[in-house]
Amino acid sequence: MAGTLKNVTDASFDEDVLKNDKPVLVDFWAEWCGPCRMIAPSLEAIAAEHGDKIEIVKVNIDENPDVAARYGVMSIPTMNVYKAGEVVQTIVGAKPKAALERELSDFLG
């Protein structure tokens, strides 16, 4: 999947996400997931518009099953927002960009 969002792995998750100073939205996805591909452009746009406030990264659950299992990701797309190393919000399912921005308003404002 092409794009500008950083791909995070099981090995880099703690450093890239849990130790980040900014809130981090982690998009748990897989190559075979149609809804995951549908929301990718929206996440790219939100990252471009609000990158100073929130970082958006991707975790391919097929290539990185440990972190998905650690956070109980059962269906994709699942997006967790991490702040200070803790999950502070979870969004499950494909949603339009406007709906994602509404759900993330606490972090984008």
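Here we summarise the structure given alongside this text. (Residues numbered from 1 in each chain as written. Predicted model: local features only at pLDDT ≥ 70, side-chain atom pairs only at ≥ 80, totals over all residues. Heavy atoms only, no water.)

With respect to the helices, strands and loops of the structure, Asn-60 is situated in strand S3 (residues 55–60). A residue is classified by how much of its surface remains accessible, and Asn-60, at 7% relative accessible area, is buried. Asn-60 sits 33 residues away from Asp-27 along the chain, and the two C-alpha atoms are 8.4 Å apart. When residues no more than four places from it in sequence are discounted, the contact partners of Asn-60 are Trp-29, Ala-30 and Glu-31. (Helix = DSSP H or I, 4+ residues; strand = E, 2+ residues; numbered from the N terminus. Buried < 20%, exposed > 50% of the residue type's maximum accessible area, 1.4 Å probe, protein only. Contact = heavy atoms within 4.5 Å.)

A few words now on the side chain of His-50. Relative to the helices and strands, His-50 resides in helix H2 (residues 34–50). Setting aside its immediate chain neighbours within four residues, His-50 contacts Glu-101 and Leu-108.

The buried fraction of S3 amounts to 5 of the 6 residues, a majority that puts the element mostly inside the structure. Here strand S1 (residues 6–7) pairs with S3 via 2 bridges, running parallel. Looking across to S3, one finds that Asn-7 is bridged to Lys-58. Here strand S2 (residues 24–29) pairs with S3 via 6 bridges, running parallel. Following the sheet pairing, Asp-27 is matched in S3 by Lys-58. Each parallel crossover has a hand, and for S2 linked through H2 to S3 it is right-handed. (Pairing = 2+ DSSP bridges. Right-handed = clockwise from strand over helix to strand, strands pointing away.)

Residues three or four positions apart in an α-helix share a direction because the helix packs 3.6 residues into each turn. If you check H2, its first and last C-alpha atoms are 25 Å apart, about what 17 residues at 1.5 Å a residue would give, namely 24 Å. For H2, the principal kink sits at Ala-40 and spans about 30°; a proline, Pro-41, occurs within the next four residues. Within the span of H2, buried status applies to Cys-36, Ile-39, Ala-40, Ser-42, Leu-43, Glu-44, Ile-46, Ala-47 and His-50. Along its buried surface, H2 packs onto S2, S3, strand S4 (78–83), helix H4 (97–103) and helix H5 (105–108). (Expected span 1.5 Å × (residues − 1). Bend = angle between axes of the 7 residues up to and from the residue.)

The next thing to look at is the environment of Ser-75. Mapped onto the fold, Ser-75 is located in the loop between helix H3 (65–70) and S4. It is 12 Å that separates the C-alpha atoms of Ser-75 and Asp-27, two residues lying 48 residues apart in sequence.

The next subject is the sheet that holds S3. Reading across the sheet, the 5 strands line up as S1-S3-S2-S4-S5 and stay open at both edges, with mixed pairing between neighbours. The sheet is open, and its two borders are formed by S1 and strand S5 (86–92), each paired with just one other strand. With respect to the sheet, H2 is in contact with S2, S3 and S4, its orientation differing from that of S2 by roughly 160°. (Axes fitted to C-alpha atoms, helices over the stretch in contact; angles between N-to-C directions.)

We now examine the state of the cysteines. Scanning the entire structure with this criterion turns up 1 disulfide. Covalent S-S linkage joins Cys-33 and Cys-36, the inter-sulfur distance amounting to 2.3 Å. Disulfide Cys-33-Cys-36: torsion about the S-S bond near 80°, hence right-handed. The buried category is assigned to Cys-33, whose relative accessible area is 4%. (Disulfide = S-S within 2.5 Å.)

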